[in-house]
Structure formats: C-alpha cells, structure tokens
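Structural overview for review
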Amino acid sequence: MARRGGLSERTFSRRFREQTGTTPLQWLLRARVRRAQLLLETTDHGVERVATQAGFGSPTAFRERFKRVVGVTPQSYRASFRSVPGRGPA
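Report follows, based on the coordinates.

Rules behind the numbers
- Residues numbered from 1 in each chain as written.
- Predicted model: local features only at pLDDT ≥ 70, side-chain atom pairs only at ≥ 80, totals over all residues.
- Heavy atoms only, no water.
- Axes fitted to C-alpha atoms, helices over the stretch in contact; angles between N-to-C directions.
- Helix = DSSP H or I, 4+ residues; strand = E, 2+ residues; numbered from the N terminus.
- Parallel < 35°, antiparallel > 145°, perpendicular 65-115°, else oblique.
- Left-handed = near helix turned anticlockwise from the far one by under 90°.
- Contact = heavy atoms within 4.5 Å.
- Nonpolar A, V, L, I, M, F, W, Y, C, P; charged D, E, K, R; others polar.
- Patch = residues over 30% accessible without salt bridge, like charges linked within 9 Å, V, L, I, M, F, W, Y side chains within 5 Å.
- Areas by Shrake-Rupley, 256 points an atom, 1.4 Å probe, with all protein chains shown as cover.
- Salt bridge = Lys/Arg side-chain N within 4 Å of Asp/Glu carboxyl O.
- Buried < 20%, exposed > 50% of the residue type's maximum accessible area, 1.4 Å probe, protein only.
- Lys, Arg positive; Asp, Glu negative; His and termini not counted.
- Core = buried A, V, L, I, M, F, W, Y, C linked by side-chain atoms within 4.5 Å.
- Expected span 1.5 Å × (residues − 1).
- Arc of directions from axis to C-beta.

**What to know about the packing of helix α2 (residues 24–42) against helix α3 (residues 47–54)**
- Where α2 meets α3, the axes come as close as 9 Å, and the angle between the chain directions of the two elements is 140°. Judged by the inter-axis angle, α2 sits oblique to α3. In the packing of α2 onto α3, the handedness of the crossing is right-handed. Here Arg-32, Arg-35, Ala-36, Leu-39 and Leu-40 of α2 lie close against α3, whose contacting residues are Val-50, Gln-53 and Ala-54.

Okay, structure coming up:
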C-alpha cells in the first residue's frame, strides 16, 4: 500500500495511524472480523467457510481473533444475533 501511494512504509504507517487511529494490520483484521460478523448474521455457513470468506488463514486464527475483538465466540455471536426478534431465523 505504501508503494502504491508513493510513500515509504514508515510515512504510510504514520499517516494511516493519524487518519484511522490504528495500524494498517489492525485495521485489516478488524475489517475481516466485521465481514465475518455479517456472514454469521446472514448465512448458515460453517465457521471454516466464514473464516475463509473473511480472509483468515485458518479457522483457529479466525476464532481467536473474533473472540478477542468481539468478546464472544463466533458460535455464540451467531446464536445471540439470531435470538434477537425480527433478525434472522430463530
């Protein structure tokens, strides 16, 4: 990304943090978790498929990152989301 923007990695990282408040890697990981949340909310795909579609290298890495960011496991997230009236199948 730095090269495409014509910047050094250090300058890119500094400007990215100034604009977003986080590092490029942390931003990317959170974006992947947000994608996984959407998939868990709207599909019946298994955790392995959600992990792949969200860009995680393995289901284990996905589960660990998801729990760290969201605070619950992917299965718990899906179950609690689906128990909300008016959202998805019960």
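**A word on the packing of α3 against helix α4 (residues 59–70)**
- Viewed as axis vectors pointing N to C, α3 and α4 meet at an angle of 80°, and their least axial separation amounts to 9 Å. Here α3 is positioned roughly perpendicular relative to α4, judged by the angle of their axes. Residues Val-47, Glu-48, Val-50 and Ala-51 of α3 pack against Pro-59, Phe-62 and Arg-63 of α4.
- Residue composition of the contact of α3 with α4, grouped by class: five nonpolar, no polar and two charged.

**Looking at a nonpolar patch on the surface**
- A contiguous nonpolar surface patch, about 290 Å² in accessible area, is contributed by Leu-25, Trp-27 and Leu-28.
- Using a relative accessible area of 33% as the deciding quantity, one classes Leu-28 as partly exposed.

**Some details on the side chain of Arg-65**
- In this fold, Arg-65 is placed in helix α4.
- Buried and without a salt bridge, Arg-65 has Glu-64 as its closest oppositely charged side chain, separated by 7.8 Å.

**As for the nonpolar core**
- Ala-36, Leu-40, Val-50, Phe-56, Phe-62 and Phe-66 are the most contacted members of the largest nonpolar core, which has 13 residues in total.
- Breaking this core down by element, the ones donating at least two residues are α2, α3 and α4.
- For this core, the element with the most residues is α2, which contributes five residues.
- The contacts of Leu-40, once residues within four sequence positions are left out, are Val-50, Phe-62, Phe-66, Pro-74, Tyr-77, Arg-78 and Arg-82.

**Observations regarding helix α1 (residues 9–20)**
- An ideal rise of 1.5 Å per residue puts 16 Å on twelve residues; α1 measures up with 16 Å between its terminal C-alpha atoms.
- Along α1, the residues that are buried comprise Thr-11, Phe-12 and Phe-16. Looking down the long axis of α1, one finds its buried residues gathered within 130° of arc, a one-sided arrangement. Turned more than 90 degrees away from the buried face of α1 sit Arg-10 and Glu-18, all of them exposed.
- Looking at the packing, one finds that the buried side of α1 touches α2.
- A positive backbone phi angle near 85° is found at Gly-21, which sits one or two residues after α1.

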